[in-house]
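Structural overview
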Amino acid sequence: MAKRYLVAGGAGFIGAHLCRRLLAQGHEVLCLDNYLTGTFDNIAELVGHPRFESMTHDVATPVDVKVDAIFNLACPASPVHYGSDPIRTTRTSVLGALNLLELATRLDVPVLQASTSEVYGDPHVHPQPEEYWGNVNPIGPRACYDEGKRCAETLFFDFHRQYGTRTKVVRIFNTYGPMMSRNDGRVVSNFIVQALDGEDITIYGDGSQTRSFCYVDDLVDGLVRMMAAPAAVVGPINLGNPGEFTIRELAEKVVAMTGTTSRIIRRPLPVDDPRQRRPVIARATEILGWVPRITLDQGLERTVAYFAASSHRGAEAREYVLEKQAW
Ligand code: NAD
Ligand code: UDP
C-alpha cells in the first residue's frame, strides 16, 4: 500500500537514494533538509514529481507534518563536517531524534534512526556484533557524533519502552556511492576525486587501519526492509558489508581502477580514528533477509564513473550514471 514517508536528511547522499527508491516503489516522499551537507542538486530532478515534496527545515526544531512513517537521516556524517561545528552536531543528533520521536509518537507511526558503527568507537571486539557496547572516548573530537548518535539510540529505546513508540534503529557501517559530494571528506570520495584530478592521494596514518565498505544501493535495501519489518523488530541491527579492507588497499584499488598518475602520500592520523571495523550481519540476514550483493570492486567502478562524469558534466552526471528508475 502506498504511504507518505518523511525522509529527514533526504537531500544528503544516502537520503537522496532513499527518496528515489521510495518513489520508485510508488510511495509519496516528503524530503526535509537544511542543506548543511546535502545539496539541492541531489533532489533537483525529483522536484515537480507529483509524489515528491521538499521542505527546508532544521530537525533540531520541532516539526509538525502528516506522514505514515519517518526515516531520520538528518546529521552530518563525515568526520570533517561533523567536527567543524561539534556543538551543532550534538544538537542535531539529540534534538533531531527527540523531535522526530515526538512527531512519531503523536502520529503513532514508525520512525527509523540511521545510527552508526561509530557507536562502537575504536572497538576492542572484532568484528562488531550488536551486543557489543563499544569503546567511545566521550570527550574527544569525534564524541559530538559518536555520543550524539549513542544518545539518540537511548532516546529511541526510551520512547519505545515509555510510550510504546514504534521505533527502529539500524547501525550503518561505511557506505559509499554516487551522489556523495566532492568535498564530503570521507575516504572513498576523497581518494576517487584525488585520483581523477591527478592530486596526491592522502592516506591518514600508515593505512593499516581497516573499514568495511557498503555500496549505497545495498544499504538502502536494508533501510527499506527494516522499515517494512514487524513492529517487534526494533533493532539495533547492523547494516554493512562484511568485506574488510585496509585503507592502503582501498587507495591501491582506486589507483588501479582510475589509471591515475597520482602519488599516494601520508598525512597524520586523526585523533581517535578507529583501528578496525567490520560488521557482524547475522541479525540483518536472519531477521530482514538482507545481504549486501555489490562487491567493493563493482561499487567502486560505479562511483568512479559517477565522479568522472560529474567533473565534466556537473549536475547532469547523475542522469548519465545513475540507473534510471521509473518514479
Ligand atoms: P550526508 O551528510 O550526505 O547527509 C546528511 C543529510 O542531513 C544532509 O543532506 C544534511 O544537509 C542533512 N542535515 C544535517 N543536519 C541537519 C539538520 N539539523 N536538519 C536537517 N537536515 C540536516 O551523510 P550520509 O552519508 O547521507 O548520512 C546519512 C545518515 O546516515 C546520517 O545520519 C549518518 O549519520 C548516517 N550514517 C551514514 C554512514 C555512511 O557511511 N554514509 C554511516 C553511518 C551512519
Ligand atoms: N582516511 C584517509 N584519507 C582520507 C580520508 C580518510 O586515510 O582522505 C581514513 C580515515 O583516517 C579513516 C578511514 O580512512 O581511518 C575512514 O575514514 P572516513 O572519514 O571515510 O570514515 P570513518 O570510518 O573514519 O568515519
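Structural data are supplied above this passage.
Please read these numbers as outputs of a predicted model, since none were measured by experiment.

**Observations regarding the environment of G289**
Assignment of secondary structure puts G289 in the loop between helix 9 (282-288) and helix 10 (296-313). Taking the C-alpha atoms as reference points, G289 and M226, 63 residues apart in sequence, are found 9.9 Å from one another. In this structure, G289 is in contact with R225 and A284, ignoring residues within four places of it in sequence.

**Describing the site of ligand 1**
Taken together, the neighbourhood of ligand 1 is formed by 29 residues, with I14, D33, T37, Y145 and T175 sitting nearest. G12 has a polar backbone atom sitting 2.9 Å from an oxygen atom of ligand 1. I14 is positioned with one of its backbone polar atoms (N or O) 2.8 Å from an oxygen atom of ligand 1. It is strand 5 (residues 111-116) that contributes the most residues to the shell around ligand 1, 3 residues altogether.

**A word on the side chain of T303**
Inspection of the secondary structure assignment puts T303 in helix 10. Overall, the relative accessible area of 0% leaves T303 in the buried class. For T303, the contacting residues outside a window of four places in its chain are Y176, G177, P178, I192 and Y215.

**Side note on helix 8 (residues 247-258)**
Under the 1.5 Å per step criterion, the end-to-end length of helix 8 is 17 Å for 12 residues, consistent within 8% with the ideal 16 Å. Those residues of helix 8 that sit buried are I247, L250, A251 and V254. Viewed along the axis of helix 8, the buried residues span an arc of 100°, placing them on a single side of the element.

**Some details on the site of ligand 2**
T202, Y204, R211, D273 and R277 are the nearest of the 18 residues found near ligand 2. Taking E118, its side chain carries an N or O atom lying 3.5 Å from an oxygen atom of ligand 2. In isolation ligand 2 has 510 Å² of accessible area, and contact with the protein removes 96% of it. Counting only elements with at least two residues in the shell around ligand 2, the list comes to helix 6 (187-197) and strand 8 (201-204). Residue classes in the shell around ligand 2 are distributed as 7 nonpolar, 5 polar and 6 charged.

**Thoughts on the nonpolar core**
Counting 60 residues, the largest nonpolar core has I14, L18, F71, L223 and L239 as the members making the most contacts within it. Filtering out sequence-adjacent residues up to four positions away, F71 remains in contact with Y5, L6, V7, A8, L18, L22, L112, L223 and M227. Among the nonpolar cores identified, the runner-up in size contains 25 residues, and L30, V59, V109 and V111 belong to it.

**Digging into the pattern of salt bridges**
The full count for this structure, using the stated rule, is 22 salt bridges. Notably, a salt bridge pairs R150 with E147, separated by 3.4 Å at the nearest N-O pair. With R150 and E147 both in helix 5 (residues 143-163), this residue pair falls 3 residues apart, about one helical turn. Several salt bridges converge on common partners, so that one network encompasses E118, R142, R211, D273 and R277.

Cut-offs and rules
- Residues numbered from 1 in each chain as written.
- Chains lettered and ligands numbered in written order.
- Predicted model: local features only at pLDDT ≥ 70, side-chain atom pairs only at ≥ 80, totals over all residues.
- Heavy atoms only, no water.
- Helix = DSSP H or I, 4+ residues; strand = E, 2+ residues; numbered from the N terminus.
- Contact = heavy atoms within 4.5 Å.
- Near = heavy atom within 4 Å.
- Polar contact = N/O pair within 3.5 Å; in protein donor to acceptor, adjacent residues only side chain to side chain.
- Buried < 20%, exposed > 50% of the residue type's maximum accessible area, 1.4 Å probe, protein only.
- Expected span 1.5 Å × (residues − 1).
- Arc of directions from axis to C-beta.
- Areas by Shrake-Rupley, 256 points an atom, 1.4 Å probe, with all protein chains shown as cover.
- Nonpolar A, V, L, I, M, F, W, Y, C, P; charged D, E, K, R; others polar.
- Core = buried A, V, L, I, M, F, W, Y, C linked by side-chain atoms within 4.5 Å.
- Salt bridge = Lys/Arg side-chain N within 4 Å of Asp/Glu carboxyl O.

Take it as geometry only, folks, not as evidence of what the structure does.
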